[in-house]
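What the coordinates show
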Amino acid sequence: QQKDEGEVKGGQHEQEESSRAQSCVKAKGLSAFRVFFGCLASVACGMLYAVYLSTYHDRKFWFSTRQELEREITFQGGSGVYYYYYKRLIAASSFERVTLFKDHRLCLFPLLPLIKQDFVEPIYFYIGAVLGLQAVYVTALFVCSWVMSGTWVAGMLAVAWYVINRADTTKVDHAIPLRDNWALPYFSWQVTALTGFLRNKIGSSTEMFCYLTMSATTFTFLLVWEHSHYVLFIQGFCLFLLDSFDLVPPRKMADIHKVYLSSLFLAYMFQFQNTALLSSPLLSLLIGSVLASENCFQLGVSHMGSDFILKFLEVKFGLNTTTDFVPNFLLCQESFQTPGQDLFLRLTQASVLPFYFLVLAVCLLSALQAIYRRLSGQPLCKTYSLENGGIGEKPEVVYHVFHTMLFGGLALLFDGMKYLWTPYVCMFTAFGVCSPDLWMTVFKWLKLKSIHPVVLSLILSTAVPTIICFSLWREFSPRVLAELSELQEFYDGDTVELMSWIKSQAPVAAVFAGSPQLLGAVKLCSGSAVTSLPLYSDINLLKRTEDTYQVYAMRSAEDIYKLLTAQKTNYVIIEESICNELTINKGCRIKDLLDISNGHIVYDKGEIYSFSKYGRFCHEIKMNYSPYTNYFTRVFWNRSYHVYKVNSVISFQY
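Just so it is clear, the structure is predicted and the values come from calculations on it, not from any experiment. Starting afresh in each chain, residues are numbered from 1 along the sequence in its written order. Under the rules for a predicted model, residues below a pLDDT of 70 receive no local features and side-chain atom pairs below 80 are neither given nor counted, while totals for whole chains, interfaces and linings still include all residues. Hydrogens and waters are ignored; side-chain quantities use all the structure's heavy atoms.

Some remarks on the overall build of the protein chain
- Helix and strand content of the protein chain: 29 helices and seven strands.
- Looking at the protein chain residue by residue over its 654 residues, the buried ones come to 52%.
- Residue contacts are defined here by distance: any two heavy atoms, one from each residue, within 4.5 Å place the two residues in contact. A separation threshold of at least 6 residues defines the contact pool for the protein chain, and within that pool the share at least 24 residues apart is 70%.
- Carbon together with sulfur atoms contributes 60% to the accessible area of the protein chain, which is approximately 31,400 Å² in total. Helix and strand assignments follow DSSP, with helices taken as H or I runs no shorter than four residues and strands as E runs no shorter than two, numbered in order from the N terminus. With a 1.4 Å probe rolled over the protein chains alone, any residue whose accessible area is under 20% of its type maximum counts as buried; one over 50% counts as exposed, and the rest are partly exposed. Values of accessible area rely on a 1.4 Å probe in the Shrake-Rupley scheme; residue burial ignores everything except the protein chains shown.

What follows is the structure in structure tokens.
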């Protein structure tokens, strides 16, 4: 009988083991199906977004029906300069390509994979590559929100918010070839890999995959954008805070430091010993985090002296004033101005901002609780479960709290920083509303007893994003689709006429002077030498820009002639839009900045007037009288532009 009982118990045990094995297989199969479906959804979102951008771009500029010159004119300012060098790299020999990469101040490495192709027109291949990277960007945001929340619904919601708030999340709509459009997709994957690496519950193989992905994307990000080390400095500071509060294992922090240091070294070598990386704030932070007692934070910047940066920040924050043209000119650029209230109004209308504040408040308070317990010597839960309700104990969540707060603070000061903040607002908010952990944390604080909090948190983490998605679809999908059906007219006939004249009439070796934005188009469309470029990270270029802009100041013909000949200028282009500029913010007009810098401002009874014994050059030269005709000869004009040849021999005819 005992033998029979033993056989029965053995059979039951075998059945239980078999049942558990079957359950494990089913769970793994279900998990694999969810991962497959989530990956499929993320890739689909990225591809659909790229197709949408391509269609929108063609509708906006009538791109497919334009001639080559008209297409190139749509690349405004700095984006035109970048595409110009892409064209040069295609036509150059291998030696000339190395020379371009080594000698020029632009980061041309993103163009390297695009050089050898002959099956598509260069301009279409170039645009397609940029839009493809935007698909990569959106996919990374999807995956990051999915990894943090555990559901691919969060990824869908993050992408929806990103697309709806496209005016504030990306500049690719109106300036495709900008360098940051090349770089930010790599940064988004770096953040995603870092998020996975920081998680406590992660397998060794997954951790290694995240580490390798983080290493590759950090290096690529540093390589393709000259401002990337500033962005990584802010990220590194977020990680420094996590390390200071002992929220991340020392082993992982050491691995992250290795990634930063190795990426900086490789980027330094690949960029032909770029000394700006050696004096970068990121490197100073890494050294300082190891040797904190030495207090060795010495910030450096590329192409600009630290004194100039300090002076610029003092003026920005109202600690000082200056009459210098360059800092005032930079402060008048949209990227350096304080964002308007319309930014927050748009984010509120898309429902992302209210939920963002809710998610941020819950995560921040929970993180502060975790930090307090850590500083008090209380251990944190090593095995996190939904019942614990402490979302702030997750290192990846605390990192994103610091990340979004720091970049948000910068976005409040500089409008251009919103493109580094709003995409992660969309991602972070989508994670929060879809995360049962967040709702469970709230219910634990409220000590909810009437309904089981775990069940309610699971219900809300599904119901709330479903309601949000339905609301967004109902309100914004007609608007997004309408953008594809509207045919917009973009044709700048005067600029086309100017570029055609330069290509057909101007000598090949001629040097042109003008505004940086226009010279970017001149460089792209004609290949002519120019005195300045729309690159605002080089103080020497900015000084040359100031000299060129003097044609809009109240200076004598002789003064302007000396400034232009010092730059070896053959032709100067005067723009009616700058000469007769009428804006509400008068202090940011080019001629106002020049009058202030040149000391041509008179204050009388609270009013500001411009005064000089000379008239404004751009007006006076059009009168066609001496001494202006002695130094300059008009060779082309239309409604928008006047081109004057700088006489090599001065003619004193009266």
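Anyway, onward from the coordinates.
A short note on a nonpolar patch on the surface
- Together, Leu30, Phe33, Phe36, Phe37 and Leu40 line one region of the surface with nonpolar side chains, adding up to about 550 Å² of accessible area.
- Among the secondary structure elements, Leu40 is positioned in helix H1 (residues 2-61). Within this analysis, patches are made of residues with over 30% relative accessible area and no salt bridge. Like charges are joined at 9 Å or less; nonpolar side chains (Val, Leu, Ile, Met, Phe, Trp, Tyr) at 5 Å or less. Salt bridges are identified by distance alone: a Lys or Arg side-chain nitrogen within 4 Å of an Asp or Glu carboxyl oxygen.

Considerations on the packing of helix H5 (residues 122-149) against helix H6 (residues 152-164)
- Every axis corresponds to a line fitted to the C-alpha atoms, with the helix fit spanning only the stretch in contact, and the corresponding angles, defined between N-to-C directions, vary from 0 to 180 degrees. Contact geometry of H5 with H6 gives a least axis separation of 7 Å together with a crossing angle of 140 degrees. With respect to each other, H5 and H6 are oriented oblique. In terms of crossing hand, the pair formed by H5 and H6 is right-handed. Mapping the contact onto sequence places Gln134, Tyr137, Val138, Leu141, Phe142, Ser145, Trp146 and Ser149 in H5 and Trp152, Ala154, Gly155, Met156, Ala158, Val159 and Tyr162 in H6.
- When residues are sorted by character, Ala, Val, Leu, Ile, Met, Phe, Trp, Tyr, Cys and Pro go into the nonpolar class, Asp, Glu, Lys and Arg into the charged class, and all the rest, Gly among them, into the polar class. For the contact of H5 with H6, the per-class residue count stands at 11 nonpolar, four polar and no charged. Any angle that is under 35 degrees is reported as roughly parallel, and any over 145 degrees as roughly antiparallel; angles of 65 to 115 degrees are reported as roughly perpendicular and all others as oblique. For any pair of crossing helices, the crossing counts as left-handed if the nearer helix is rotated counterclockwise from the farther one by less than a right angle, and right-handed if it is rotated clockwise.

Notes on the pairing of strand E3 (residues 571-575)
- With respect to burial, E3 is a largely interior element, five of its five residues being buried.
- Of the two faces of E3, the one carrying Tyr571, Ile573 and Glu575 and the one carrying Val572 and Ile574 are both buried.
- When DSSP finds two or more bridges between two strands, those strands count as paired. Where strand E1 (residues 511-513) lies against E3, two bridges are found, and the strand directions are parallel. Bridge pairing in E3 places Ala513 opposite Val572.

Examining the state of the cysteines
- Cysteine sulfur atoms are paired as a disulfide whenever they come within 2.5 Å of each other. If you walk through the whole model with that rule in mind, you get two disulfides.
- The disulfide that involves Cys332 links it to Cys588, with 2.0 Å between the sulfurs. Between Cys332 and Cys588 the sulfur-sulfur dihedral comes to about -85 degrees; the bridge is accordingly left-handed. You can see Cys332 sitting in the loop between helix H15 (325-331) and helix H16 (341-349) and its partner Cys588 sitting in the loop between helix H26 (576-579) and helix H27 (590-598), a full 256 residues away along the chain.
- With relative accessibility at 19%, the residue Cys332 sits in the buried group.

Considering the pattern of salt bridges
- Per the stated rule, a full pass over the model turns up 22 salt bridges.
- Among the ionic pairs, Asp246 bridges to Arg374, the shortest N-O distance being 3.7 Å. In this pair, Asp246 is assigned in the loop between helix H10 (228-244) and helix H11 (250-270) and Arg374 in helix H17 (residues 352-375), connecting sequence segments 128 residues apart.
- The exposure class assigned to Asp246 is partly exposed, which follows from its relative accessible area of 38%.

Side note on the environment of Val163
- Locating Val163 in the fold gives a position in helix H6.
- In the structure, Val163 is positioned 114 residues away from Tyr49 in sequence and 7.9 Å away in space, judged by C-alpha atoms.

Points about the packing of aromatic side chains
- Here the aromatic set is Phe, Tyr and Trp, taking the six-membered ring for Trp, and pairing holds for ring centres within 6.5 Å; pairs whose planes are under 30 degrees apart are stacked, those over 60 apart are edge-to-face, and all others are tilted. For the structure on display, the rule yields 38 aromatic pairs.
- Relative to Tyr86, the ring of Tyr83 has its centre 5.8 Å away and its plane inclined at 40 degrees; by these criteria the two rings are tilted. Highlighted residues: Tyr83 and Tyr86, both in helix H3 (residues 78-91), separated by three residues, approximately one helical turn.
- For Tyr86, a relative accessible area of 0% puts it in the buried group.
- When the ring of Phe187 is compared with that of Tyr424, the centres are 6.1 Å apart and the planes differ by 75 degrees; the resulting orientation is edge-to-face. With Phe187 in helix H8 (residues 179-198) and Tyr424 in helix H19 (residues 418-434), this residue pair connects regions lying 237 residues apart in the sequence. Each member of the pair Phe187 and Tyr424 is classed as buried.
- Through pairs of rings, three or more aromatic residues link up here, namely Tyr561, Phe617, Tyr625, Tyr628, Tyr631 and Phe632.
- Here, a charge over a ring means that NZ of Lys or CZ of Arg falls within 6 Å of the ring centre while also lying within 35 degrees of the ring normal. Stacked on the ring of Phe197, the Lys or Arg Lys252 has its end atom at 5.5 Å from the ring centre.

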